[in-house]
Amino acid sequence: MEKPEIERRYQKVCEDINDGRIKSALDTLGGLIRSANRSDYFFDLETISENYQSLLNYAFEGAVDPDRKDILKKISASVLSLADDVKDVMTAKDTPQKNIEKAVMVRLLGDDPQAVSDRFEEYLSEKKLQRVLKETGTYSFETNPIDNIFRLIWLTHKMKDTSVEKLRRIARSSSFEKHEKCLIVSALTLSLLDFFDPGKIILLVEFAAGHEMEVYQRSLTGLGLVLIWYDQRIIFYPEIMVKLDELSQDEGIQQDMEALLLQLLMAQETEIIVKSFEEEVLPEMKKMMPKFEDKLELDNIFGEEDMEGKNPGWKDMIDEVPGLFERIEKFTRMQMEGGDVFLSTFSQLKRFDFFTRMSNWFVPFYADHPDLKNNESDEEKIFSRLLEGLGRAFYLCNSDKYSFALNFNAVPQQQRSMIMTYFEAELEQMKEMASEADILSPSAASNAIFTQYIQDLYRFFKLYPFHNEFNDIFQKKIRFTELFFYKTFFERDKFTARLAAFYFDKDHYMEAIELNSYMIDKEGPKGEYYEKIGYSYQKLGNYPDAIRFYKKAELFDSDRLWILKKVGWCSMKMNDYANALKYFEECSQILPDDLTIQAQIGQCHLKLNNFNEALTCYLKVLYFQPENLKILRPIAYCQFILGKLTAAEESYHKILSGTETPGPFDLMNAGHVKLCLKKRNEALQLYKKSKTDLFFASNSFSSSFEEDVPYLLKNGIGKEELPLLMDYLLFKID
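Because the structure is predicted, anything quoted here is derived from the model rather than measured.

Chemist: Hey, could you go over the overall build of the chain for me, with residue numbers and the actual values?
Modeler: Helix and strand counts for the chain come out as 41 helices and 0 strands. Partitioning the contacts of the chain with sequence separation of at least 6, the portion at a separation of at least 24 is 68%. In the form shown here, the chain has an accessible surface area of approximately 34,100 Å², with 51% of it arising from carbon and sulfur atoms.

Listed below in structure tokens is the structure:
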């Protein structure tokens, strides 16, 4: 059985358990076990099945069992745990690098479980660790204790209680260096993202509860990632629920969880590549079906910004939130959104041997790292200055700092001083900016660590040579309205509203609809929520739903003019020009001198073939903006249709003489006017210029010409003459 099918069946087991369909989950799991062909798994499955049948028999015999819910949770957890084991065995062949790492551990520790446990406890002994570090003075691949601890934690699926207790002591110990604790936390996180273990989740909670700077931020980040990954599963583990409830009582942790969740969303922004519909589809559609908008550039008279734009009355909730969100926005611009630059720059510098050791992707930057030893002369001390500066560079993640330092070692001696001078100048400038924005405050320093660590994780999951063997948390869609852990322990209405504002601000309109709808369900109807839902549907091209929510917003004390414009604009997009006209005329009653509204009214009349009314509207705009050549296009076209040929000729003369590169439709329409005025040679020249435009293939030219035939007939061109005229044009122009 191939991995995709294994994953599909595994997910079905999880979904069945989450939905309470335990029998179905057992059946699916039985099929997986038969493919795995492991007798011990058959025995485990049979035991779970018997326990579940006993519970069912007991329940339907009428007995009252106050512990039934707890027993059901244990049975559900047992099914999921067995499914984990089966999936791991069946997909082991798909993780060759991990298998190599396991082989290294077997070579170092042996394959006897008790020997492994004993050696693990040796590694975790504070005195043993300190003595080895002092005596060896080396961090080689074979003898680096903390690296072996990292590997062992990562590769241990289900940690024994004795090992959990040892790690718990480390969390409280002052003997271990912070960077060592940070690596242990990262190992716990990676291991959990690979294989569920409630003991490790509780350890992350306890590391976070210690509030030790750097360790705290990493453990809370790891906990957040794991809770997102296993959100539907933690309900089956009462011990985890108790710990999370205790943790959520800490107001500081509540605020930091908000910072963390928002920063995770910002990290996912780097993955999103939006391909504009207008760039990929609309140009091709325009070539096939030229319309009034294209011919007359109606949408370019004032642009669509006013009709498409967001309500200026909306408050920018992200900007309004003091402190935390301001800093996150600033860090985002410097690191994440600008981090694309950092990522592309430093991705080429992850090829040092330093990054072949997996733990080095997660180690906090510290100047005494053995891999940063340098034999520079005492006089220069340039490298030491660099390390000191990197330690203060809050805008670079740890992984990139190591890349910078390692690459600096490879730079020729004569260039180092120049690079160092530039770097220190940049560092000083960033420090001044940070000071002005109060970014160097303790809470902001904590937020910087969140940002740096998330960037470290991001680089690992994207750039580590064997990243495909890991579950990439940054690919997982975060849906807050469905996150059990968030709604149970960390949800606060104001923050949920800010999340909705965040999605809306970043143009993630489906998520914005979901969260604003969720806020309506929680808080009750609110005009601004309806407006934003309507606007989101509008941006997604769902104009009927956009209008529906705009009309709901209209029932509140909302910006009526803004809503009328939106409904009118959406109606136009639906080709419902009669209704669009009605709404724009209402807008005109509120703002009779608004020229943009007048132009929209003119466009509606034009689409409804009310050419006299359209011309009146456009001439009003021209009166107040005589320099606006764009308004002349629909004016000239209406004049042509209405038989005002002399006026149309004058208008097209202004358009063509005032435009450096006239468009093909301008040239064709001007040709129509000349043709109707019996100026055939001039008309032919204009048609010829029109057709030479690359946009105008032969079919486009012909179809566009055909659309105007009724108006040519109306202006005196003979019906029998038109086929001959078209062939003549095609012969002459081709």
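Chemist: Give a description of helix 34 (residues 611–624) that names residues and reports values.
Modeler: Between its first and last C-alpha atoms helix 34 spans 20 Å; for 14 residues at 1.5 Å apiece the expected length is 20 Å, and the two agree. If you check which residues of helix 34 are buried, you get F611, A614, L615, C617, Y618, V621 and L622. Seen from one end, helix 34 has its buried residues packed into an arc of 165 degrees, which puts them on one side. Exposed and facing more than 90 degrees away from the buried side of helix 34 are T616 and Y623. Elements that come into contact with the buried residues of helix 34 comprise helix 33 (595–607), helix 35 (632–641) and helix 40 (709–714).

Chemist: Hey, could you go over unusual backbone geometry for me, with residue numbers and the actual values?
Modeler: Here the phi dihedral of E214 falls at roughly 75 degrees; this positive angle occurs in a residue that is not glycine. Locating E214 in the fold gives a position in the loop between helix 11 (198–209) and helix 12 (215–229). Looking at E214, the relative accessible area reads 24%, which means it is partly exposed. Despite not being glycine, N575 shows a phi value in the positive range, around 65 degrees. Within the fold, N575 resides in the loop between helix 31 (560–573) and helix 32 (577–590). Under the relative-accessibility criterion, N575 is labelled exposed at 56%.

Chemist: Summarise the state of the cysteines; cite the residues concerned and give the values.
Modeler: For the coordinates displayed, the defined rule picks out 0 disulfides. Among the cysteines around C638, which has no disulfide bond, C617 carries the closest sulfur, lying 9.5 Å off. Residue classification places C638 among the buried residues on the basis of a relative accessible area of 0%.

Chemist: Run through the packing of aromatic side chains, naming residues and quoting values.
Modeler: Scanning all chains against the criterion turns up 37 aromatic pairs. With a centroid separation of 6.2 Å and 25 degrees between ring planes, the pair formed by F383 and F408 is classed as stacked. Pair noted here: F383 is in helix 22 (residues 382–392) and F408 is in helix 23 (residues 398–409), with a separation of 25 residues, a long-range link. With a centroid separation of 6.0 Å and 70 degrees between ring planes, the pair formed by Y543 and W569 is classed as edge-to-face. In this pair, Y543 sits in helix 30 (residues 543–553) while W569 sits in helix 31, placing the two residues 26 residues apart along the sequence. Grouping residues by exposure puts Y543 and W569 together as buried.

Chemist: Can you tell me about the environment of Q53, naming the residues and giving the values?
Modeler: Here Q53 shows up in helix 3 (residues 39–60). With a relative accessible area of 45%, Q53 lands in the partly exposed category. Measuring from C-alpha to C-alpha, the distance between Q53 and K23 comes to 9.4 Å, with 30 residues separating the pair along the chain.

Chemist: Provide a residue-level description of helix 13 (residues 238–248), including the pertinent values.
Modeler: Among all positions in helix 13, only I240, M241, L244, L247 and S248 are buried. For helix 13, the buried positions fall inside an angular range of 125 degrees around the axis, keeping them on one side. Where helix 13 is buried, its residues contact helix 11, helix 12, helix 14 (251–269) and helix 26 (484–490).

Chemist: Any details on the confidence of the model for the chain? Residues and values, ideally.
Modeler: Where the model shows low pLDDT, its predicted coordinates should not be examined in detail. When pLDDT is averaged along the chain, the result is 83, and 80% of the positions lie at 70 or above. For the stretch residues 138–142, pLDDT sits under 50, and the model shows 17 contacts to residues farther than four places along the chain or on other chains. Here residues 272–290 scores under 50 on pLDDT; set against residues more than four positions off or in separate chains, the count is 14 contacts.

Chemist: Would you mind going over the pattern of salt bridges in detail, with residue names and values included?
Modeler: Here the structure, examined in full by the defined rule, presents 40 salt bridges. Linking R8 and E5 is a salt bridge whose minimum nitrogen-to-oxygen distance equals 2.7 Å. You can see R8 and its partner E5 sitting in helix 1 (residues 3–18), 3 residues apart, about one turn around the helix. Under the relative-accessibility criterion, R8 is labelled partly exposed at 48%. For K462, the salt bridge goes to D472, with nearest N and O atoms at 2.6 Å. Separated by 10 residues along the polypeptide, K462 in helix 25 (residues 442–463) and D472 in the loop between helix 25 and helix 26 bring together distant segments of the chain. Comparing K462 with D472, the two get one shared label, buried. In this structure, a network of salt bridges that share partners links the residues E165, R168, R172, E206 and K243.

Chemist: So what's going on with the packing of helix 9 (residues 161–172) against helix 11? Residues and values would help.
Modeler: Where helix 9 meets helix 11, the closest approach of the two axes is 9 Å, and the angle between their N-to-C directions is 15 degrees. By the criterion of interaxial angle, the relationship of helix 9 to helix 11 is roughly parallel. For the crossing formed where helix 9 meets helix 11, the hand is right-handed. Listed contacts from helix 11 to V164, L167, R168 and A171 of helix 9 are I202, L203, E206 and F207.

Chemist: Pulling in residues and values, what's your account of the packing of helix 11 against helix 13?
Modeler: Between helix 11 and helix 13, the shortest axis-to-axis distance is 10 Å and the interhelical angle comes to 15 degrees. By the angle class used here, helix 11 and helix 13 are roughly parallel. Here helix 11 runs over helix 13; the crossing is left-handed. Two secondary-structure elements touch here, helix 11 through P198, I201, I202, V205, E206 and A209 and helix 13 through E239, I240, K243, L244 and L247. Its residues assigned to classes, the contact of helix 11 with helix 13 shows 8 nonpolar, no polar and 3 charged.

Chemist: I'd like a rundown of the side chain of N628, residues and numbers included.
Modeler: Topologically, N628 is positioned in the loop between helix 34 and helix 35. At 3.0 Å, the side chain of N628 and the backbone nitrogen of K630 are in polar contact.

Chemist: Requested: an account of the environment of V709, with residues and values cited.
Modeler: With respect to the element layout, V709 can be found in helix 40. On the accessibility criterion, V709 (15% relative accessible area) is buried.

Conventions used here
- Residues numbered from 1 in each chain as written.
- Predicted model: local features only at pLDDT ≥ 70, side-chain atom pairs only at ≥ 80, totals over all residues.
- Heavy atoms only, no water.
- Helix = DSSP H or I, 4+ residues; strand = E, 2+ residues; numbered from the N terminus.
- Contact = heavy atoms within 4.5 Å.
- Areas by Shrake-Rupley, 256 points an atom, 1.4 Å probe, with all protein chains shown as cover.
- Expected span 1.5 Å × (residues − 1).
- Buried < 20%, exposed > 50% of the residue type's maximum accessible area, 1.4 Å probe, protein only.
- Arc of directions from axis to C-beta.
- Disulfide = S-S within 2.5 Å.
- Phe/Tyr/Trp six-rings, centres within 6.5 Å; stacked < 30°, edge-to-face > 60°.
- pLDDT = per-residue confidence, 0-100.
- Salt bridge = Lys/Arg side-chain N within 4 Å of Asp/Glu carboxyl O.
- Axes fitted to C-alpha atoms, helices over the stretch in contact; angles between N-to-C directions.
- Parallel < 35°, antiparallel > 145°, perpendicular 65-115°, else oblique.
- Left-handed = near helix turned anticlockwise from the far one by under 90°.
- Nonpolar A, V, L, I, M, F, W, Y, C, P; charged D, E, K, R; others polar.
- Polar contact = N/O pair within 3.5 Å; in protein donor to acceptor, adjacent residues only side chain to side chain.

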